[in-house]
Each structure stands twice: as structure tokens, then as C-alpha cells.
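# Coordinate inspection notes
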Amino acid sequence: MSAEQRGVTVWFTGLSGAGKTTLRMAVEKELRAQNLKVEVLDGDIVRENLTKGLGFSKADRDENIRRIGFVAHLLTRNGVIVLVSAISPYRDIRDQVRDKIGNFVEVYVNAPLEVCEQRDVKGLYKKARAGELKQFTGIDDPYEAPLNPEVECRTDQETLEESTEKVLGKLEALGYISPVSLVNPVP
């Protein structure tokens, strides 16, 4: 482990089904292969623990992101690479978290709504379209795409390996990690 590792929060944002968790897991695997200090804050897991009881109103979603951002900030300032995968639909709260953390790389995991609906392994879009699930991002609640993300991954047009290389390349260019070649190439 490098004693000089700089902390950074890598924030994967995008619609449900865009590929945030898949991409985050591939990036995590590469960083861990380099023996870097890495922590993961996944939106689904955080909601079961840190933000249990919060609903999906705008205020609750903002509070969810604020809490994730607070933990990410603590870890980042202590030299950890924090990988956050959360829909985080509202631009304003993402920008507030970015400002608080400082060392922040926003990764827009971008796939068209139709593609996300086709990938809907949890059946959430189907429930939302049927009116069984209210305030679902992309259906009856907005998703505000980042205006200037450090990285944009078009998961409907790129391979997982290409998207992973984009994220790692940006972390390298910003001086957070040493030059890398994929240790665990994705098949």
C-alpha cells in the first residue's frame, strides 16, 4: 500500500440499470489489485444501513446523498479512494457534496432510459410503469444529468473494459493513482 495515496471520492451517478454498480465493481477490482485503500458506498446497501427509514421524496433523497457524502468526505480526507454508486438524481445536492469533499470525480454512467428498462433485473421500471412504485427516477421523478462530469461512460455503446479504462485513466491523469494497465481484463 502506498503511504502517499491521495484520497478521492469517485461518484458513479446515473439511472437505475445504467451500470453504476457493475462499473464500480470493475474499477474496485483494479484498484484493490494495486493494493490501494478502497471503500465502497453502494446506494442500495447504504439505504439498508446508514439511511434506513428515509423515503424517496426530494428531501429524503437529498438527505440520503448528504449522509453518503459525509461518510465519503471522512474517508477521502484520510487517504481512501471512495467509490460511491448511487442514482443521486438531483444535480444541486451532488454539487454540494462535490464542494464539501473537494477531491471528487463524477462519473456519469449514461444509458438511455429504454436500455435501462431492458436491463431491469429487479423489475422496478415495470412496477413504476404500472403505477405500483411512485417517485421512481426516470419515470415519474426527474434525473438531472451532470453538466460537466469528469468522466462519461456510455454503457450502451462501450464495453465494460472501455468504461473501466476511462475511469482509471481519469484517476491517473488527476494524480490519484499510478499508471495502470488492467490487471483483471474483463472478458
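The text that follows walks through the structure, step by step, so that each part is easy to find. If you're wondering where the values come from, they're calculated on a predicted model, not measured in any experiment.

Looking now at the pattern of salt bridges. Tallied over the entire structure, the rule returns 13 salt bridges. Between Arg 61 and Asp 141 there is a salt bridge, with the nearest N and O atoms lying 3.7 Å from each other. Taken together, the residues span a long stretch of sequence, with Arg 61 in helix 3 (residues 58-77) and Asp 141 in the loop between helix 6 (124-129) and strand 5 (151-154) at a distance of 80 residues. Classification of Asp 141 by relative accessible area gives buried; the value is 13%. With its nearest N and O atoms 2.7 Å apart, the salt bridge here joins Glu 150 to Arg 98.

The strand order across the open sheet built from 5 strands is 2-3-1-4-5, with neighbouring strands paired in parallel fashion. The open sheet terminates on both sides in strands that have one partner only, identified here as strand 2 (38-42) and strand 5. With strand direction ignored, the average angle separating the axes of adjacent strands in the sheet is 15°. Bridge count for strand 4 (residues 104-110) against strand 5 is 4 bridges, and the pairing is parallel. Within strand 5, the position partnered with Val 107 by the bridge is Val 151. The strands that helix 4 (residues 91-101) touches are strand 1 (8-13) and strand 4; relative to strand 4, the one it contacts most, it runs at about 150°. Packed on one face of the sheet, helix 7 (residues 160-173) meets strand 1, strand 4 and strand 5 and runs near 175° to strand 5.

All told, the structure shown has 0 disulfides when counted by the stated rule. Here Cys 116 is not disulfide-linked; the sulfur of Cys 153 is the nearest cysteine sulfur, at 13 Å. What makes Cys 116 buried here is its relative accessible area of 0%.

Glancing now at the side chain of Gln 5. Relative to the helices and strands, Gln 5 resides in the segment before strand 1. Looking at Gln 5, the relative accessible area reads 10%, which means it is buried. Here the side chain of Gln 5 touches Lys 37 through a polar contact of 2.8 Å, landing on its backbone oxygen. Not counting residues within four places of it along the chain, the set of residues in contact with Gln 5 comprises Leu 36, Lys 37, Gly 79, Val 80 and Ile 81.

In terms of nonpolar packing, the biggest core is built from 30 residues, with Val 10, Phe 12, Leu 31, Ile 81, Val 107 and Val 167 touching the most fellow members. Elements with a contribution of two residues or more to this core: strand 1, helix 1 (20-33), strand 3 (81-85), strand 4, helix 5 (113-118), helix 6, strand 5 and helix 7. Ranked by residues supplied to this core, first place goes to strand 4 with 4 residues.

Taken as a whole, the largest pocket spans an internal volume of roughly 1000 Å³. Along the walls of the largest pocket sit 37 residues, with Ser 16, Lys 20, Asp 44, Ile 87 and Lys 122 positioned nearest its centre. Residue composition of the lining of the largest pocket, grouped by class: 12 nonpolar, 14 polar and 11 charged.

Glancing now at the packing of helix 1 against helix 7. The packing of two helices is summarised by the inter-axis angle and the distance between the axes. Packing of helix 1 against helix 7 leaves a shortest axis separation of 9 Å and a crossing angle of 60°. As far as their axial angle goes, helix 7 and helix 1 are oblique. For helix 1 against helix 7, the interelement crossing comes out right-handed. Contacts between helix 1 and helix 7 pair Thr 22, Leu 23, Ala 26, Val 27, Glu 30 and Leu 31 from the former with Leu 160, Ser 163, Thr 164, Val 167 and Leu 168 from the latter.

We now examine the packing of helix 3 against helix 4. Following both chains from N to C, one finds helix 3 and helix 4 inclined at 20°, their axes separated by 9 Å at the closest point. Taken together, the axes of helix 3 and helix 4 lie roughly parallel to each other. With respect to the hand of their crossing, helix 3 and helix 4 are arranged in right-handed fashion. Of the residues in helix 4, those in contact with Asp 62, Ile 65, Arg 66, Gly 69, Phe 70, Ala 72, His 73 and Thr 76 of helix 3 are Ile 93, Val 97, Lys 100 and Ile 101.

Procedures and definitions
Residues numbered from 1 in each chain as written. Predicted model: local features only at pLDDT ≥ 70, side-chain atom pairs only at ≥ 80, totals over all residues. Heavy atoms only, no water. Salt bridge = Lys/Arg side-chain N within 4 Å of Asp/Glu carboxyl O. Helix = DSSP H or I, 4+ residues; strand = E, 2+ residues; numbered from the N terminus. Buried < 20%, exposed > 50% of the residue type's maximum accessible area, 1.4 Å probe, protein only. Pairing = 2+ DSSP bridges. Axes fitted to C-alpha atoms, helices over the stretch in contact; angles between N-to-C directions. Contact = heavy atoms within 4.5 Å. Disulfide = S-S within 2.5 Å. Polar contact = N/O pair within 3.5 Å; in protein donor to acceptor, adjacent residues only side chain to side chain. Core = buried A, V, L, I, M, F, W, Y, C linked by side-chain atoms within 4.5 Å. 1 Å grid on protein atoms, 1.4 Å probe; cavity = no way out; pocket = protein on both sides within 12 Å on 5 of 7 lines; lining within 4 Å. Points joined across faces, edges and corners; volume = space filled by probe spheres on them. Nonpolar A, V, L, I, M, F, W, Y, C, P; charged D, E, K, R; others polar. Parallel < 35°, antiparallel > 145°, perpendicular 65-115°, else oblique. Left-handed = near helix turned anticlockwise from the far one by under 90°.

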